[in-house]
Amino acid sequence: MSLDRPVSRRLLSDEVFHRLRDSIVRGELVPGEKVKDGELAERLGLSRTPVREALARLADIGLVEAKPGVYTRITTLNRRDVEKTLAVLRSLDQLAIETAVPAMTGQDLRRMREANRDFERAVAANDTDAALAADDRFHAVPIMAADNPVLSRIVEQLHPQIHRILYRKFSTLLGGRNTIEHHDQLVEVCATGDARAAAELSGRHWSELGGHINKLFDTNQFAETAAG
């Protein structure tokens, strides 16, 4: 969804938030880029109020950082911060899997398989947006099955931060085939009802993901930041 397309007058703050969030995830608003509410409001055809509200929400989830009276800018990508975020998400995902497996139904497993086939097709088509959406749908199944609202809220808050990394990972297809295979393996282990084994498998995948992301940092694929 283009940042420059005019926003409807309904739920302005939410729509602006999602538009800006997606632009940050896709790298259209680059790490370190300074943003001004007035300029963004003009691009979106809005007053400054919903833009300011959206920027404040983006700051709450770590995608924007602000120094009052000095700057508001897109948060830079920092290896150490990414590693910390991954560590938290790994623990949360393992908790979700271990809690969810005993409650999973055949329909849940079918939804995971369908999401992974969509992910596989997206990788084959080099469609990064579709790959990210399918990956989200895959992981949403055990999170929903875990039926833990606190867990769901925390994961939802952290997802946009890691989506910035996953978007780059999927756009380079780095580890795409491994992710497809991991998803298939995870579904099969979940189907056995062995919650601990499924959680351990998920943890190994997150560790492999951390390795892929370190390669991106090592090869300076996150080096492009805004000047000034």
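Coordinates for the structure precede this section.
Residues numbered from 1 in each chain as written. Predicted model: local features only at pLDDT ≥ 70, side-chain atom pairs only at ≥ 80, totals over all residues. Heavy atoms only, no water.

Bringing the overall build of the chain into the picture now. The helix and strand inventory of the chain stands at nine helices and two strands. Its helices and strands taken in sequence order, the chain reads α-α-α-β-β-α-α-α-α-α-α from the N to the C terminus. The proportion of buried residues among the 228 residues of the chain is 43%. Carbon and sulfur atoms form 49% of the exposed surface of the chain, whose accessible area is close to 11700 Å². (Helix = DSSP H or I, 4+ residues; strand = E, 2+ residues; numbered from the N terminus. Buried < 20%, exposed > 50% of the residue type's maximum accessible area, 1.4 Å probe, protein only. Areas by Shrake-Rupley, 256 points an atom, 1.4 Å probe, with all protein chains shown as cover.)

Moving on to the nonpolar core. Side chains of a nonpolar character, in soluble globular proteins, are inclined to be buried together. Within the largest apolar cluster, 37 residues are counted, with the highest numbers of intra-cluster contacts made by Leu86, Met104, Met112, Ile162, Leu186, Cys190 and Ile213. Looking at this core, the elements with two or more residues in it are helix 4 (79-100), helix 5 (106-124), helix 6 (128-146), helix 7 (149-171), helix 8 (176-192) and helix 9 (195-218). When residues of this core are assigned to their parent elements, the largest contribution, eight residues, is made by helix 9. Residues in contact with Ile162, not counting those within four places in the same chain, are Leu86, Leu89 and Ile213. Of all hydrophobic cores here, the second largest spans 19 residues; its members include Leu29, Ala54, Leu58 and Leu63. (Core = buried A, V, L, I, M, F, W, Y, C linked by side-chain atoms within 4.5 Å. Contact = heavy atoms within 4.5 Å.)

Across all of its chains, the model carries zero aromatic pairs by this definition. Over the ring of Phe17 we find Arg57, and its NZ or CZ is 4.0 Å from the ring centre. In this structure, Arg73 is placed above the aromatic ring of Tyr71, and the distance from its NZ or CZ to the ring centre is 4.2 Å. (Phe/Tyr/Trp six-rings, centres within 6.5 Å; stacked < 30°, edge-to-face > 60°. Lys NZ or Arg CZ within 6 Å of the ring centre and 35° of its normal.)

Its place among the elements puts Thr75 in the loop between strand 2 (71-74) and helix 4. For Thr75, a relative accessible area of 16% corresponds to the buried category. Separated by 3.3 Å, the side chain of Thr75 and the backbone nitrogen of Val64 make a polar contact. Contact partners of Thr75, with chain neighbours within four places excluded, come to Pro31, Gly32, Gly62, Leu63, Val64, Glu65 and Arg164. (Polar contact = N/O pair within 3.5 Å; in protein donor to acceptor, adjacent residues only side chain to side chain.)

What follows concerns unusual backbone geometry. Despite not being glycine, Asn126 shows a phi value in the positive range, around 55°. Relative to the elements of secondary structure, Asn126 occurs in the loop between helix 5 and helix 6. Looking at Asn126, the relative accessible area reads 47%, which means it is partly exposed. Positioned with a positive phi, Asp147 is a non-glycine residue whose angle comes to about 55°. When you line up the elements, Asp147 lands in the loop between helix 6 and helix 7.

Where strand 1 (residues 64-67) and strand 2 come together, four bridges link them in antiparallel fashion. The partner of Val64 across the bridge, within strand 2, is Ile74. What sits between the antiparallel neighbours strand 1 and strand 2 is a turn of three residues, in which Gly69 has the positive phi angle 80°. (Pairing = 2+ DSSP bridges.)

Along helix 2 (residues 37-44), the positions that sit buried rather than exposed are Asp37, Leu40, Ala41 and Leu44. In a view along the axis of helix 2, the buried residues occupy a sector of 100°, so they form one face of it. (Arc of directions from axis to C-beta.)

Looking now at the pattern of salt bridges. Within this structure, the stated rule accounts for 15 salt bridges. The salt bridge involving Arg57 is made with Asp14; its shortest N-O contact spans 2.7 Å. Taken together, the residues Arg57 in helix 3 (residues 48-60) and Asp14 in helix 1 (residues 12-25) connect sequence positions 43 residues apart. In this structure Asp14 comes out as partly exposed when scored by relative accessible area, which is 33%. Put simply, Glu98 and Arg196 hold a salt bridge, and the shortest N to O gap is 4.0 Å. Here Arg196 lies in helix 9 and Glu98 lies in helix 4, a separation of 98 residues in the sequence. Residue Glu98 is classed as partly exposed on the basis of its relative accessible area, which comes to 35%. Members of the salt-bridge network, linked through shared partners, are Asp37, Arg48 and Arg52. (Salt bridge = Lys/Arg side-chain N within 4 Å of Asp/Glu carboxyl O.)

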